[in-house]
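The primary structure of each chain is shown beneath.
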Amino acid sequence: MEFFQAISFEKAKESIIHSLRHIRADQEKVDLPQALHRIAATHVIAQENLPPFSRSTVDGFAVRSADTFGASESAPSLFLVAGEVSMGAAASMTLQPGEAVIIPTGGMLPPGADAVVMVEHSEQPDDQTALITKMVAPGENVVMKGEDLSIGTTIVAEGQKITSPHIGALAAAGMASVNVRKKIFVTILSTGDELVDITATAEVGQIRDTNSYALAAMLEAYGCEVRRWGIVKDRYEDFSKALADALSYSDVVVISGGSSVGTRDYTVQAIKGMNQAQLLFHGLAIKPGKPTIYGIVGSVPVFGLPGHPVAAMTICELLVKLAIRQLQGHQEASSRHTLVASLTRNIPSAPGRDDFFPAKLFKQEGQYRATPLFGKSGLIHLLTEADGLIHIPSEKSGLYEGDKVDVLVMT
Ligand SMILES: Nc1nc2c(c(=O)[nH]1)N[C@H]1C(S)=C(S)[C@@H](COP(=O)(O)OP(=O)(O)OC[C@H]3O[C@@H](n4cnc5c(N)ncnc54)[C@H](O)[C@@H]3O)O[C@H]1N2
Ligand code: MOO
């Protein structure tokens, strides 16, 4: 007997993306140091050339490269030393044919010069004379004006996650603040009469609320602001009130437990009871996570995650994070954290369902290998031991030792 209509993993992802296509987190301007790991809300375009002037990458002599033609240890080229460039100052002289100018690493290339000879490839018999012992090509040992970033180059694209190299490039380009998407505010509700908070003593029959802590940690690490609402008792009125409260100030609501078909599983009922509610799916052809619920209330996506901790965390990784990326207009490719590994043992799997197995990864002869960790989805230790999730797509009916699999690396 099937209690709900399970849709495919692919359809579930499409449904989430489609439901949020017109909803975006607001923008805010933050100081550059605060922009790390935030999502750019607009393209950031270079307004200046970087470097703003051509600079030497070595200590040596700025020259016209053509003047060094044929220079060697045995037949050095003779140059007149026409001056010295100071660090942090404009080069005051214009190089004439046959002239060389002393230049430090990072110094401005004087007009007329197009290359720099390293000091190791020179001799200075006196202050006015340099003997160059090695030829240089045009542009050698020089970073040209605008070679790093030229005016009009996109430093960070809208929807990109800002990384530490971006912070460096933005600093170099003189951007003291950046427009980013506001952090997504997620509220997590835990449901279940058997649950007690970690601060309470668990009596016989009770268990500690694991999921709200695990999910909050996962989503905070993903850049969200998270509120753990607490434990809601299995009473429709309590549940409905808690949900309405969470919806009033959240960008996303995540409910843990109560997603299955038990007589007290109120999640679907409570979502449907809200104003402007739309239930988009209940049931996925996926393991773990079969009873997952997804709906939208006004502009707030609501997830009902299965109570078993491994199922809750797996669906959070696969689908809640997808919704968060969508709300932030985050352009990250979903394959970014996936690597290919070969299996160390056979895995059974039913066709027509996407399976995800916690897995340990290691490297052998330059290749990743993945050992699936088998166990029930109520066992949180499977994830504490895992490095990632093996994905077995729905068309496969099991895999053999040595077969290649995609592993989603969990961070
Ligand atoms: N007859 C059927 N029973 C079940 C089915 C089914 O298809 N037919 N599906 C099973 C699957 S798969 C899952 S997953 C669970 C999902 O159940 P619920 O989402 O309704 O969750 P609960 O019944 O509230 O709890 C299930 C399990 O997880 C524990 N739990 C719940 N919340 C937490 C928490 N915050 N921290 C730690 N552990 C939690 C709870 O105590 C239960 O042991 O349904 C199966 N049943
Ligand atoms: O589908 Mo359940 O989520 O395996 O424990």
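Higher on the page you've got the structure.
Bear in mind that the values here come from a model prediction, so they are computed numbers and not experimental data.

Draft legend 1. Focus on the site of ligand 2. Close to ligand 2 lie Pro 288, Gly 289, Lys 290, Pro 291, Pro 306, His 308, Ala 311 and Ser 377, which account for all nearby residues. Between Gly 289 and ligand 2, the recorded distance is 2.7 Å, taken from a backbone N or O atom to an oxygen atom. The cavity where ligand 2 resides is the second largest pocket. For the shell around ligand 2, the class distribution of residues is four nonpolar, three polar and one charged.

Draft legend 2. Layout of the site of ligand 1. In the neighbourhood of ligand 1, 19 residues make up the surrounding shell, with Glu 194, Asp 209, Thr 210, Ser 259 and Ser 260 lying closest. A distance of 2.6 Å separates an oxygen atom of ligand 1 from a polar atom in the side chain of Glu 194. The backbone of Asn 211 places a nitrogen or oxygen atom 3.2 Å from a nitrogen atom of ligand 1. Calculation on ligand 1 without its partners gives an accessible area of 870 Å², and the protein chains cover 71% of this total. A per-class count over the shell around ligand 1 returns four nonpolar, 10 polar and five charged.

Draft legend 3. Just the sheet that holds strand β6 (residues 99-103), in detail. Read across the sheet, six strands follow the order β7-β4-β6-β5-β9-β8 without closing on themselves; strand pairing throughout is mixed. Single-partner strands in this sheet number two, and they are β7 (115-118) and β8 (122-126). Recorded for the sheet is a direction-independent mean angle of 40° between the axes of neighbouring strands. Bridging between β8 and strand β9 (residues 129-132) involves three bridges; their strand directions are antiparallel. Its bridge partner lying in β9, Glu 123 is registered against Leu 131.

Draft legend 4. Structural context of the side chain of Arg 181. Here Arg 181 shows up in strand β12 (residues 177-181). Accessibility expressed as a relative area gives 9% for Arg 181, which makes it buried. Separated by 2.8 Å, the side chain of Arg 181 and the backbone oxygen of Ala 25 make a polar contact. Ignoring anything within four residues of it in the chain, the contact list for Arg 181 reads Arg 24, Ala 25, Asp 26, Gln 27, Arg 38, Ile 39, Ala 41, Glu 158 and Gln 328.

Draft legend 5. Region of the structure containing the packing of aromatic side chains. The final tally for this structure, using the stated rule, is six aromatic pairs. For the ring pair Tyr 236 and Tyr 266, a centre distance of 6.0 Å and an interplane angle of 70° mean the geometry is edge-to-face. You can see Tyr 236 sitting in helix α4 (residues 236-249) and its partner Tyr 266 sitting in the loop between β17 (252-256) and α5 (267-272), a full 30 residues away along the chain. On the basis of relative accessibility, which here comes to 16%, the residue Tyr 266 falls in the buried class. The interplanar angle of 45° and the centroid separation of 4.8 Å between the aromatic rings of Tyr 294 and Phe 303 together place this pair among those described as tilted. We note that Tyr 294, like Phe 303, is buried. Members of the aromatic cluster, connected to one another through ring pairs, are Phe 281, Tyr 294 and Phe 303.

So, how was this worked out
- Residues numbered from 1 in each chain as written.
- Chains lettered and ligands numbered in written order.
- Predicted model: local features only at pLDDT ≥ 70, side-chain atom pairs only at ≥ 80, totals over all residues.
- Heavy atoms only, no water.
- Near = heavy atom within 4 Å.
- Polar contact = N/O pair within 3.5 Å; in protein donor to acceptor, adjacent residues only side chain to side chain.
- 1 Å grid on protein atoms, 1.4 Å probe; cavity = no way out; pocket = protein on both sides within 12 Å on 5 of 7 lines; lining within 4 Å.
- Sits in = over half its atoms within 2 Å of the grid points.
- Nonpolar A, V, L, I, M, F, W, Y, C, P; charged D, E, K, R; others polar.
- Areas by Shrake-Rupley, 256 points an atom, 1.4 Å probe, with all protein chains shown as cover.
- Pairing = 2+ DSSP bridges.
- Helix = DSSP H or I, 4+ residues; strand = E, 2+ residues; numbered from the N terminus.
- Axes fitted to C-alpha atoms, helices over the stretch in contact; angles between N-to-C directions.
- Buried < 20%, exposed > 50% of the residue type's maximum accessible area, 1.4 Å probe, protein only.
- Contact = heavy atoms within 4.5 Å.
- Phe/Tyr/Trp six-rings, centres within 6.5 Å; stacked < 30°, edge-to-face > 60°.

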